[in-house]
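Each chain, letter by letter, is given below.
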Amino acid sequence: MEPSQVTIIGSGLIGRSWAMVFAAGGFKVKLYDIAQQQLTSALENIRKQMKELEESGFLKGTLSAEQQLALISICTDLKAAVEGATFIQECTPENLELKKKIFGQLDLIVGNTVILSSSTSCLLPSKLFTGLKHVKQCIVSHPVNPPYFVPLVEIVPHPETDPSTIESTYALMKKIGQSPVKLNRETEGFVLNRLQYAVISEAWRLVGEGVISPTDLDLVMSDGLGMRYAFIGPLETMHLNAEGISNYCERYREGMRLVLNTFGPVPEFSGEIEQKINQAMSEKIPVVPKVLDARRKRRDEYLTGLAKLKKQMKSD
Ligand code: NAI
C-alpha cells in the first residue's frame, strides 16, 4: 500500500525536523518552500543528520536512513506540494500576516478532508484561522525544538475546529512517536510557554535580586527540579511528596502561598540584569556560531540519551 503523504510548508529548522519525524513514521513527505536554496540545504542537512543518527544507533523508526530519505521530496509549487496530502504542517516564520496569507492560499486549493496544521509557537488559532472556509480542518500542532528529540506536541484547536480534526491530529502524532497533549481551548502562550515563562521570570528575578548567580540558577534546574521533571510532572511530584495531593495541600498550602506572595512583578528582560546574565552565559558559552552550534549538538546528544533512558524505563 502507498504510504500516506504529508506536506511540510517551510523547510527551515522546524520543517526539517518534522520531515524527519514523519519519514521515520513511514510517511511520504513533500517539503515545500519559496526558496529553492532552502530546500536544497534542507535535503542535504536531513541526509547528514539521518546518516549520523543511523551510525550512532539513534535513527527513529524501522526503516533505514536511505529508505527514509527516499520518502522525502522537495517542491516549489504550492498546488503540486499539497496534492494528495492528508496532513499539511505549516512551518514558516512566526509572522501572523505571512501565516494568514499562506493559510488563505491553502484554503483555496485544498479539499474537505486534509488537515491544515500550524507549528506556530504563540499565534492563537483564532488569529490564524478565523474566516477560512476550511476552518473546521485547521489546528495548531506546536512542537518543541528539536521535535526529533523532544516529543511533546501541543494540539490547540480554533473554537470552530471539528472534533474529528483534533482526534485525527492526536492519533497521527501518536503514530509517528510524538507525545501529543490536547488543549481544550486556546490561551496566550499555550501551556508549555506559560510554564516556561513562569520559570524564566522567577529565575530572572532571583538573579536580578542577587540571590544566586546565573550559573548556579541553571544548576537548580538541571541537577535539581529537572531531574524529576524529565519523568514526572509537577502535579504528580506533589502527589508523591506527601500522602497524595490533599495531604500535600494540607501540609504545604500555607508555605506555598507565603512564598508565592513574595514573587515580584513581570521583569522587563532588559538593562542591567540582562547584561549580568548575558555576561555569565557568554563566559560559559561564547556567542560565536561555531561554539553555539557545538553546544546545540551536545544538547541534542543529551536529549537523545534521555529519550533512550525514558524508553528503557518505559516512562509514562
Ligand atoms: P525558519 O526561519 O528556520 O524557517 C522558515 C522557513 O520558511 C524558511 O525555510 C523560509 O524560506 C520558509 N518560508 C518563508 N516564507 C515562506 C512562504 N511564503 N512559503 C513557504 N515557505 C516560506 O523558522 P523555524 O525556526 O523553523 O520556525 C518555523 C515555525 O515553527 C514558526 O512558526 C516558529 O514559531 C515555530 N516553532 C519554532 C521553534 C523553534 O525553536 N525554532 C519551536 C516550535 C515552533
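Reading the values: rules and limits
- Residues numbered from 1 in each chain as written.
- Predicted model: local features only at pLDDT ≥ 70, side-chain atom pairs only at ≥ 80, totals over all residues.
- Heavy atoms only, no water.
- Core = buried A, V, L, I, M, F, W, Y, C linked by side-chain atoms within 4.5 Å.
- Buried < 20%, exposed > 50% of the residue type's maximum accessible area, 1.4 Å probe, protein only.
- Helix = DSSP H or I, 4+ residues; strand = E, 2+ residues; numbered from the N terminus.
- Axes fitted to C-alpha atoms, helices over the stretch in contact; angles between N-to-C directions.
- Parallel < 35°, antiparallel > 145°, perpendicular 65-115°, else oblique.
- Contact = heavy atoms within 4.5 Å.
- Nonpolar A, V, L, I, M, F, W, Y, C, P; charged D, E, K, R; others polar.
- Pairing = 2+ DSSP bridges.
- UniProt positions renumbered as here; feature names shortened; annotations may be inferred.
- Near = heavy atom within 4 Å.
- Areas by Shrake-Rupley, 256 points an atom, 1.4 Å probe, with all protein chains shown as cover.
- Patch = residues over 30% accessible without salt bridge, like charges linked within 9 Å, V, L, I, M, F, W, Y side chains within 5 Å.
- Salt bridge = Lys/Arg side-chain N within 4 Å of Asp/Glu carboxyl O.
- Expected span 1.5 Å × (residues − 1).
- Polar contact = N/O pair within 3.5 Å; in protein donor to acceptor, adjacent residues only side chain to side chain.
- Domains from an automatic or database assignment.
- Phe/Tyr/Trp six-rings, centres within 6.5 Å; stacked < 30°, edge-to-face > 60°.
- Lys NZ or Arg CZ within 6 Å of the ring centre and 35° of its normal.

Caption draft 1: Molecular detail of the nonpolar core. Of all hydrophobic cores here, the largest spans 32 residues; its most connected members are Phe 22 and Met 50. Put simply, the parts of the chain that give this core at least two residues each are β1 (5-9), α1 (13-24), β2 (28-32), α2 (36-55), α3 (65-70), β7 (152-157) and α7 (163-175). Element by element, the count of residues in this core is highest for α1, at 6 residues. Counting 25 residues, the second-largest nonpolar core is a separate cluster that includes Tyr 32, Ile 102, Leu 123 and Val 140.

Caption draft 2: Local environment of the packing of helix α9 (residues 214-229) against helix α12 (residues 271-284). Where α9 contacts α12, the two axes come as close as 9 Å, and the packing angle between them is 75°. Relative to α12, the element α9 lies roughly perpendicular. Seen from α9, the contacting residues are Pro 214, Thr 215 and Asp 218; seen from α12, they are Lys 276, Ile 277, Ala 280, Met 281 and Lys 284. Taken together, the residues of the contact of α9 with α12 sort by class into 4 nonpolar, 1 polar and 3 charged.

Caption draft 3: The pairing of strand β5 (residues 115-118), seen in detail. Residue alternation in β5 divides its side chains into two sets, Ile 115 and Ser 117 and Leu 116 and Ser 118, and both sets are buried. Sheet topology note: the strand β4 (residues 85-90)/β5 ladder contains 4 bridges and is parallel. Pairing of Ile 88 across the sheet is with Leu 116, part of β5.

Caption draft 4: Structural detail: the UniProt feature "domain: 3-hydroxyacyl-CoA dehydrogenase C-terminal" (unreviewed entry) in the protein chain. If you check UniProt for "domain: 3-hydroxyacyl-CoA dehydrogenase C-terminal" (unreviewed entry), the listed places come out as residues 189-244 in our numbering. As a span, residues 189-244 carries 71% helix and 0% strand, and end to end its C-alpha atoms are 30 Å apart.

Caption draft 5: Region of interest: the site of the ligand. Near the ligand lie 23 residues; those nearest to it are Asp 33, Gln 38, Glu 94, Lys 99 and Ser 121. Coverage of the ligand by the protein amounts to 78% of the 840 Å² it exposes when considered alone. For the shell around the ligand, the secondary structure elements donating two or more residues are α1, α5 (96-109) and β6 (138-143). With 3 residues, α5 is the single largest residue contributor to the shell around the ligand. Class assignment of the residues belonging to the shell around the ligand gives a composition of 10 nonpolar, 10 polar and 3 charged.

Caption draft 6: Summary view of a nonpolar patch on the surface. Where nonpolar side chains cluster on the molecular surface, the patch consists of Tyr 252, Met 256, Leu 258, Val 259, Leu 260 and Phe 263 and spans about 550 Å² of accessible area. With respect to the element layout, Met 256 can be found in helix α11 (residues 245-260). Here Met 256 falls in the partly exposed class, since its relative accessible area comes to 32%.

Caption draft 7: How the structure looks around α5. Helix length check: α5 (14 residues) gives 20 Å between terminal C-alpha atoms against 20 Å at 1.5 Å per residue, within 8%. Close packing links the buried residues of α5 with β1, α4 (78-82), β4, β5 and α6 (125-129). One side-chain oxygen of the residue at the start of α5 lies 3.0 Å from the amide nitrogen of Glu 97, identifying that residue as Asn 95.

Caption draft 8: Geometry of the domain arrangement of the protein chain. When the domains of the protein chain are assigned, the result is domain 1 (5-182) and domain 2 (192-284). On a C-alpha basis, the centroid separation for the pair domain 1 and domain 2 is 33 Å.

Caption draft 9: Main features of the packing of aromatic side chains. A full pass over the atoms with the stated rule returns 7 aromatic pairs. Put simply, the rings of Trp 18, Phe 22, Phe 27 and Phe 87 pair up and form one aromatic cluster. Note that Lys 182 overlies the ring of Tyr 170, its terminal NZ or CZ placed 4.6 Å from the centroid.

Caption draft 10: Examining the UniProt feature "domain: 3-hydroxyacyl-CoA dehydrogenase NAD binding" (unreviewed entry) in the protein chain more closely. Taking the UniProt record as the reference, the feature "domain: 3-hydroxyacyl-CoA dehydrogenase NAD binding" (unreviewed entry) is found at residues 5-184. What you have in residues 5-184 is 42% helix and 22% strand, and the ends, taken at the C-alpha atoms, are 28 Å apart.

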